[in-house]
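Listed below are the residues making up each chain.
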Amino acid sequence: MKIFYFLFSAAILVLGGLHMATTFRLTSSAVFKLWFFGAGLAVALAGVLNILNRRYGLAAFGLRVVCVGTNVLMICFAGVAGRVTGARAVEQVVMLTVLSSAFILSVLRSASVSPQAP
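Report on the accompanying structure. Predicted model only: the values in this text are computed from it and were never measured.

**Some remarks on the packing of helix α2 (residues 30–56) against helix α3 (residues 61–85)**
- Taken N-terminus to C-terminus, the directions of α2 and α3 make an angle of 145°; their axes are 9 Å apart at the nearest point. The element α2 and its partner α3 pack so that their crossing is left-handed. Across from A39, A42, V43, A46, L49, N50, L52, N53 and Y56 in α2, the residues of α3 making contact are L63, R64, V66, C67, T70, N71, M74 and F77.
- Looking at the contact of α2 with α3 residue by residue, the classes come out as twelve nonpolar, four polar and one charged.

**Some points on α3**
- With 25 residues, α3 should cover 36 Å at 1.5 Å per step; its first-to-last C-alpha distance of 36 Å lies within 8% of that length.
- Three or more residues of α3 are buried, namely L63, R64, C67, N71, M74, A78 and G82.
- Looking at the packing, one finds that the buried side of α3 touches α1 (2–22), α2 and α4 (89–107).
- After α3 finishes, the residue G86 shows a positive phi value of roughly 75°.

Conventions we followed
- Residues numbered from 1 in each chain as written.
- Predicted model: local features only at pLDDT ≥ 70, side-chain atom pairs only at ≥ 80, totals over all residues.
- Heavy atoms only, no water.
- Axes fitted to C-alpha atoms, helices over the stretch in contact; angles between N-to-C directions.
- Helix = DSSP H or I, 4+ residues; strand = E, 2+ residues; numbered from the N terminus.
- Left-handed = near helix turned anticlockwise from the far one by under 90°.
- Contact = heavy atoms within 4.5 Å.
- Nonpolar A, V, L, I, M, F, W, Y, C, P; charged D, E, K, R; others polar.
- Expected span 1.5 Å × (residues − 1).
- Buried < 20%, exposed > 50% of the residue type's maximum accessible area, 1.4 Å probe, protein only.

Take a look at the structure:
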(Lines give C-alpha, C1' and ligand atoms only; values in the text may rest on other atoms or scores of the structure.)
Protein backbone atom coordinates (compact mmCIF):
# COMPACT_ATOMS: atom_id res chain seq x y z
CA MET A 1 0.00 0.00 0.00
CA LYS A 2 2.82 2.38 0.86
CA ILE A 3 4.40 1.89 -2.58
CA PHE A 4 1.08 2.41 -4.36
CA TYR A 5 0.41 5.59 -2.40
CA PHE A 6 3.83 6.93 -3.37
CA LEU A 7 3.31 5.98 -7.04
CA PHE A 8 -0.10 7.64 -7.24
CA SER A 9 1.21 10.72 -5.43
CA ALA A 10 4.13 10.94 -7.84
CA ALA A 11 1.73 10.47 -10.76
CA ILE A 12 -0.31 13.45 -9.55
CA LEU A 13 2.87 15.51 -9.36
CA VAL A 14 3.83 14.48 -12.91
CA LEU A 15 0.33 15.19 -14.25
CA GLY A 16 0.49 18.65 -12.69
CA GLY A 17 3.87 19.24 -14.33
CA LEU A 18 2.52 18.11 -17.71
CA HIS A 19 -0.49 20.38 -17.24
CA MET A 20 1.80 23.36 -16.61
CA ALA A 21 4.05 22.44 -19.56
CA THR A 22 1.03 22.20 -21.86
CA THR A 23 0.22 25.83 -21.13
CA PHE A 24 2.87 26.98 -23.58
CA ARG A 25 1.21 25.12 -26.46
CA LEU A 26 -2.14 26.87 -26.01
CA THR A 27 -3.26 29.52 -28.45
CA SER A 28 -5.74 31.05 -26.02
CA SER A 29 -5.61 34.41 -24.29
CA ALA A 30 -2.99 35.23 -21.69
CA VAL A 31 -5.62 35.16 -18.95
CA PHE A 32 -6.72 31.64 -19.89
CA LYS A 33 -3.09 30.51 -20.00
CA LEU A 34 -2.54 31.95 -16.53
CA TRP A 35 -5.54 30.07 -15.12
CA PHE A 36 -4.51 26.88 -16.93
CA PHE A 37 -1.00 27.08 -15.49
CA GLY A 38 -2.45 27.78 -12.03
CA ALA A 39 -4.60 24.67 -12.24
CA GLY A 40 -1.53 22.60 -13.10
CA LEU A 41 0.29 24.15 -10.16
CA ALA A 42 -2.59 23.18 -7.86
CA VAL A 43 -2.49 19.60 -9.12
CA ALA A 44 1.29 19.40 -8.62
CA LEU A 45 0.99 20.80 -5.09
CA ALA A 46 -1.70 18.19 -4.33
CA GLY A 47 0.82 15.53 -5.36
CA VAL A 48 3.45 17.00 -3.05
CA LEU A 49 0.91 17.15 -0.21
CA ASN A 50 0.14 13.45 -0.70
CA ILE A 51 3.84 12.59 -0.61
CA LEU A 52 4.17 14.52 2.65
CA ASN A 53 1.05 12.87 4.07
CA ARG A 54 2.41 9.42 3.22
CA ARG A 55 5.54 10.14 5.21
CA TYR A 56 4.33 12.34 8.09
CA GLY A 57 0.52 12.00 8.14
CA LEU A 58 0.37 9.51 11.01
CA ALA A 59 2.36 11.87 13.23
CA ALA A 60 0.74 15.13 12.04
CA PHE A 61 -3.05 14.87 12.20
CA GLY A 62 -3.54 18.34 10.70
CA LEU A 63 -1.50 17.40 7.63
CA ARG A 64 -3.63 14.30 7.18
CA VAL A 65 -6.88 16.27 7.40
CA VAL A 66 -5.68 18.92 4.94
CA CYS A 67 -4.47 16.23 2.53
CA VAL A 68 -7.77 14.35 2.57
CA GLY A 69 -9.71 17.61 2.11
CA THR A 70 -7.44 18.66 -0.75
CA ASN A 71 -7.93 15.30 -2.44
CA VAL A 72 -11.71 15.65 -2.26
CA LEU A 73 -11.57 19.18 -3.68
CA MET A 74 -9.17 18.15 -6.46
CA ILE A 75 -11.45 15.27 -7.49
CA CYS A 76 -14.41 17.66 -7.67
CA PHE A 77 -12.37 20.30 -9.50
CA ALA A 78 -10.99 17.82 -12.03
CA GLY A 79 -14.43 16.37 -12.70
CA VAL A 80 -16.03 19.76 -13.31
CA ALA A 81 -13.04 21.16 -15.22
CA GLY A 82 -12.91 18.13 -17.50
CA ARG A 83 -16.57 18.52 -18.40
CA VAL A 84 -16.41 22.30 -18.87
CA THR A 85 -13.26 22.27 -21.01
CA GLY A 86 -14.38 19.31 -23.12
CA ALA A 87 -11.53 17.01 -22.13
CA ARG A 88 -11.60 13.61 -23.82
CA ALA A 89 -13.06 10.70 -21.88
CA VAL A 90 -9.65 9.01 -21.61
CA GLU A 91 -8.13 12.16 -20.11
CA GLN A 92 -10.92 12.43 -17.58
CA VAL A 93 -10.71 8.75 -16.64
CA VAL A 94 -6.94 8.89 -16.12
CA MET A 95 -7.08 12.06 -14.03
CA LEU A 96 -10.03 10.95 -11.89
CA THR A 97 -8.58 7.45 -11.41
CA VAL A 98 -5.24 8.79 -10.18
CA LEU A 99 -6.84 11.42 -7.92
CA SER A 100 -9.44 8.99 -6.52
CA SER A 101 -6.81 6.33 -5.86
CA ALA A 102 -4.66 8.84 -3.97
CA PHE A 103 -7.73 9.91 -1.98
CA ILE A 104 -8.54 6.34 -0.98
CA LEU A 105 -4.93 5.67 0.00
CA SER A 106 -4.72 8.95 1.92
CA VAL A 107 -7.41 7.81 4.34
CA LEU A 108 -5.91 4.36 4.89
CA ARG A 109 -3.45 4.30 7.77
CA SER A 110 -1.73 1.26 6.28
CA ALA A 111 -0.65 3.33 3.25
CA SER A 112 1.36 5.75 5.37
CA VAL A 113 4.85 5.30 6.74
CA SER A 114 4.92 4.79 10.51
CA PRO A 115 6.57 7.60 12.48
CA GLN A 116 10.12 6.86 13.60
CA ALA A 117 10.65 6.49 17.34
CA PRO A 118 13.20 8.99 18.67
